[in-house]
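Spelled out, the chains give:
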Amino acid sequence: MDADVVIAGAGPTGLMLACELRLAGADVLVVERLEERTGESRAGGMHSRTLEVLDQRGILDRFLKIGDPQPVGHFSGLYLEFDETESRYPYPLMILQSDIERLLEEWAVELGVRIQWSAEVSGVRQDESGVTVELGTRAVRARYLVGCDGGRSAVRKLASVDFPGTPATMTALIGDVELPELREDYVWVRRSATGDYSAIAFEPGWYRVITSEYDRVAGRDEPVTFEQLRESLIRLAGTDFGMRAPRWISRFSDAARQAACYRTGRVLLAGDAAHIHFPAGGQGLNMGVQDAVNLGWKLGAVVTGRAPESLLDTYHSERHPVGERVLHNTRAQSALARPGAQTDALRDVFGSLMEIDEVNRRLRGMLTALTVRYEVGSDHPLAGRRVPDEDLTTDAGDVSVHQLLHAARPLLLDLRAAAAASGGDEVAAVAGGWAGRVDLVRATSAEDFWMVPELDEVPAPAVLLVRPDGHVAWAAAADEPLDVPALRTALATWFGPAPRD
Ligand SMILES: Cc1cc2nc3c(=O)[nH]c(=O)nc-3n(C[C@H](O)[C@H](O)[C@H](O)COP(=O)(O)OP(=O)(O)OC[C@H]3O[C@@H](n4cnc5c(N)ncnc54)[C@H](O)[C@@H]3O)c2cc1C
């Protein structure tokens, strides 16, 4: 074997997954068809849950240093408030995808990830013991292959995974250009009879221009040119604002498709390889990073023999519905963006509804992914949700929940003050069966109630079992007797049977 896992694609999803796998102790090889990084700016930001995920690994500071927190975000170009978001990071962070990839790659190299450039996946064969991945004239072999190779994923096609969905109904052009005749820093979604345009100064002197036109659908392989962008802007705005010096030009659409199955045997899909959609609200990169964080610890546990292969099926069952919901909200945003008097009226009505706190909160929950909840087989209100990043006190000092997740290990948090005082108890006795696999931490919470998106206040739990991706696998309420067999079942379900069982 050349690696436990081969990852196709060194985009944000592939890099994040590689890091998660390394933290779980797997040997990882990333194969990337490009000769080197292109520096294409692409996505423009990250939402609260992605910022939390990076914080869970202790690397968020690197991103905050160069990113720019935004006071507002948007739903189909209609402003959405984020400052009441129930997170330590209640804002979208403006940061270019090129910077995100550079920082993730630096972290990957620190963790010992191997990246092979100029290595394009051209064939995939799986058998009982592994996968052979053809890279032109040579091949590598691994126990698993994960296709993180973008919307046109070769891995998805080679594994014969269907990609059903809805076709493009419009054409959008995007470019990083200079606009010497534009007198504003920010032109936000100006609508015309056939589409809309916007221009945002991402960096001094540089604008990101986006034009969306609904009276034509470009062919998938049609070339994208600077002249097309200029002409499109003239059609929509009546001027090109002196557009010059294109740094990057690309095209996208509102096509929305999702892989029918995220796993077929030893081949898995993540990020754009598993789902494509209209980039409204800035969710694609975020969802790819979160796919990676869901899959990484599971695949890591399987290849290092700590969990049964069946754990991998929860990757599809948990992440496919999340992808479905994102496609759904981007289709809604695409419908809200169409030109015409009827849509103008709809936007007006929808915009006024968005002034209602509860509506704002619901949309914010969707875009930030803070309301994602997995089915984990427990009815505690925190079960399946991302753990709130509460401040805790331990014998070793003050710590936040996210800090306890830096090593990406399962965490059993005993928050019962009495248990901490009395020393040995039943939680410690159960945890002993998973010693070396699950970190038991005794702590007290500063708050009696924890703020949870969608639910508001939830009483602080007595015991909490947290997966390495930051989702609660099991929780015990403080006012109920501790269900020790249920705790044992949850530990075995998520982290494999106790070695001595
Ligand atoms: C205009 C625009 C704005 C956007 N804004 C946002 C935003 O603000 N927020 C957000 O979350 N998302 C945004 N997105 C979406 C985001 O860019 C993508 O979702 C993100 O790039 C997906 O990352 P990925 O790693 O899954 O795939 P990619 O970034 O596509 O990476 C795939 C990698 O695989 C490589 N590859 C391809 N084929 C092969 C092969 N056969 N063998 C080996 N390697 C291969 C590619 O070279 C590439 O490096 C935006 C997208 C667009 C178009």
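What you see is a predicted model, and the numbers here were worked out from it, not measured in a lab. Going along each chain's sequence as written, the residues are numbered from 1 onward. Where local features are concerned, this predicted model is filtered to residues with pLDDT of at least 70; where side-chain atom pairs are given and counted, the filter is 80 or more; whole-chain, interface and lining totals use all residues. Note that the side-chain values use all heavy atoms of the structure and ignore hydrogens as well as water.

**Quick notes on the sheet that holds strand E26 (residues 444-445)**
This is how the line gets drawn: When DSSP finds at least two bridges between two strands, those strands are taken to pair. The way it works is that DSSP assigns letters per residue, a run of H or I at least four long becomes a helix, a run of E at least two long becomes a strand, and they are numbered from the N terminus.
The antiparallel open sheet is built from 3 strands, whose spatial order is E23-E22-E26. Because the sheet does not close on itself, it has two edges, and the strands there are strand E23 (397-400) and E26. Examined bridge by bridge, strand E22 (residues 391-394) and E26 share 2 bridges and lie antiparallel to one another. Bridge assignment links leucine 392 to a residue of E26, and that residue is serine 445.

**Some remarks on the environment of phenylalanine 63**
Selection rule: Throughout, exposure labels follow a simple rule: accessible area from a 1.4 Å probe, protein chains only, divided by the maximum for the residue type, with under 20% read as buried, over 50% as exposed, and the rest as partly exposed. The contact criterion used throughout is that any non-hydrogen atoms of two residues lie within 4.5 Å.
Looking at the secondary structure, you find phenylalanine 63 in helix H3 (residues 60-66). Since its relative accessible area comes to 1%, phenylalanine 63 is described here as buried. Between the alpha carbons of phenylalanine 63 and leucine 104 there is a distance of 9.5 Å; along the sequence they are 41 residues apart. In this structure, phenylalanine 63 is in contact with Met46, Leu54, Leu93, Ile95, Ile100, Leu103 and Leu104, ignoring residues within four places of it in sequence.

**Regarding a negative patch on the surface**
Rules: For patch building, the residue pool is restricted to those with more than 30% relative accessible area and no salt bridge; the joining distance is 9 Å between like charges and 5 Å between nonpolar side chains (Val, Leu, Ile, Met, Phe, Trp, Tyr). Working definition of accessibility: Shrake-Rupley area with a 1.4 Å probe, residue cover restricted to the visible protein chains. Any carboxyl oxygen of Asp or Glu that lies within 4 Å of a side-chain nitrogen of Lys or Arg is treated as forming a salt bridge with it. Under the convention used here, Asp and Glu are negative, Lys and Arg are positive, and both His and the chain ends fall outside the count. For the purpose of locating charges, the reference atoms are NZ of Lys, CZ of Arg, CG of Asp and CD of Glu.
Taken together, the side chains of Glu81, Asp83, Glu84 and Asp357 present a region of like negative charge at the surface. Within the secondary structure layout, aspartate 83 lies in the loop between strand E6 (78-81) and strand E7 (93-94).

**What about the domain arrangement of the protein?**
Condition: Each domain's limits were defined by an automated method or a database of domain assignments. Throughout, the accessible surface (probe 1.4 Å) given up by two parts as they are put together, summed over both, is called the buried area. The definition of a polar contact used here is a pair of N or O atoms within 3.5 Å, where within protein one atom must be able to donate a hydrogen and the other to accept one, and adjacent residues in sequence count solely through side-chain atom pairs.
Taken domain by domain, the protein comprises domain 1 (3-166 + 257-368), domain 2 (171-253) and domain 3 (391-495). Summarising the inter-unit geometry, the C-alpha centres of domain 1 and domain 3 are found 28 Å apart. Counting residues at the interface gives 18 residues for domain 1 and 20 residues for domain 3. Summed over both partners, the interface of domain 1 with domain 3 buries about 1700 Å², with 50% contributed by carbon and sulfur atoms. Applying the counting rule to domain 1 against domain 3 returns 3 salt bridges. Two residues, aspartate 456 and arginine 361, come together in a salt bridge whose shortest N-O distance is 2.8 Å. At the junction of domain 1 with domain 3, the criterion picks out 12 residue pairs in polar contact (both at pLDDT 80 or more). Residue assignment for the side of domain 1 that touches domain 3 shows that the elements contributing at least two residues are helix H2 (48-56), helix H7 (284-303) and helix H8 (313-337).

**Here's the deal with the site of the ligand**
Here is the rule we go by: The rule for a residue being near a molecule or strand is that one of its heavy atoms must lie within 4 Å of it. Residues are grouped as follows: Ala, Val, Leu, Ile, Met, Phe, Trp, Tyr, Cys and Pro are nonpolar; Asp, Glu, Lys and Arg are charged; all remaining types, including Gly, are polar.
Taken together, 30 residues are adjacent to the ligand, and Glu32, Gln97, Asp272, Leu285 and Asn286 come closest. Contact between the ligand and aspartate 272: an oxygen atom at 2.7 Å from a side-chain N or O atom of the residue. Residue assignment for the shell around the ligand shows that the elements contributing at least two residues are helix H1 (12-23) and H7. In terms of residue count, the dominant contributor to the shell around the ligand is H7 (3 residues). Tallied by class, residues from the shell around the ligand come to 12 nonpolar, 12 polar and 6 charged.

**Digging into helix H13 (residues 484-495)**
Side chains that are three or four residues apart share a direction in an α-helix, a result of its 3.6 residues per turn. Quick reminder of the rule: Expected helix span is given by 1.5 Å per residue-to-residue step, counting one fewer step than there are residues. What the arc describes is the spread of directions from the helix axis to the C-beta atoms.
Taking 1.5 Å of rise per residue, 12 residues should cover 16 Å, and H13 covers 16 Å from first to last C-alpha, within 8% of that figure. Considered for burial, the residues of H13 that qualify are Leu487, Ala490, Leu491, Trp494 and Phe495. Each buried residue of H13 sits inside an arc of 100° when the element is viewed along its axis, so together they form one side. Turning to H13, the residues buried within the fold contact H7, H8, strand E24 (411-414), helix H12 (426-432), strand E29 (463-466) and strand E30 (472-476). Looking at the residues trailing H13, positive phi occurs at glycine 496, about 85°.

**Some words on helix H9 (residues 341-353)**
For H9, which comprises 13 residues, the first-to-last C-alpha distance of 19 Å matches the rise-based estimate of 18 Å (1.5 Å per residue) to within 8%. Taken together, the buried positions of H9 are Thr343, Arg347 and Gly351. End-on, the buried residues of H9 take up no more than an arc of 75°, which puts them together on one face. Turned more than 90 degrees off the buried face of H9, the exposed positions are Ala341, Gln342 and Asp348. Lining the buried residues of H9 we find E6, strand E14 (186-191) and H8.

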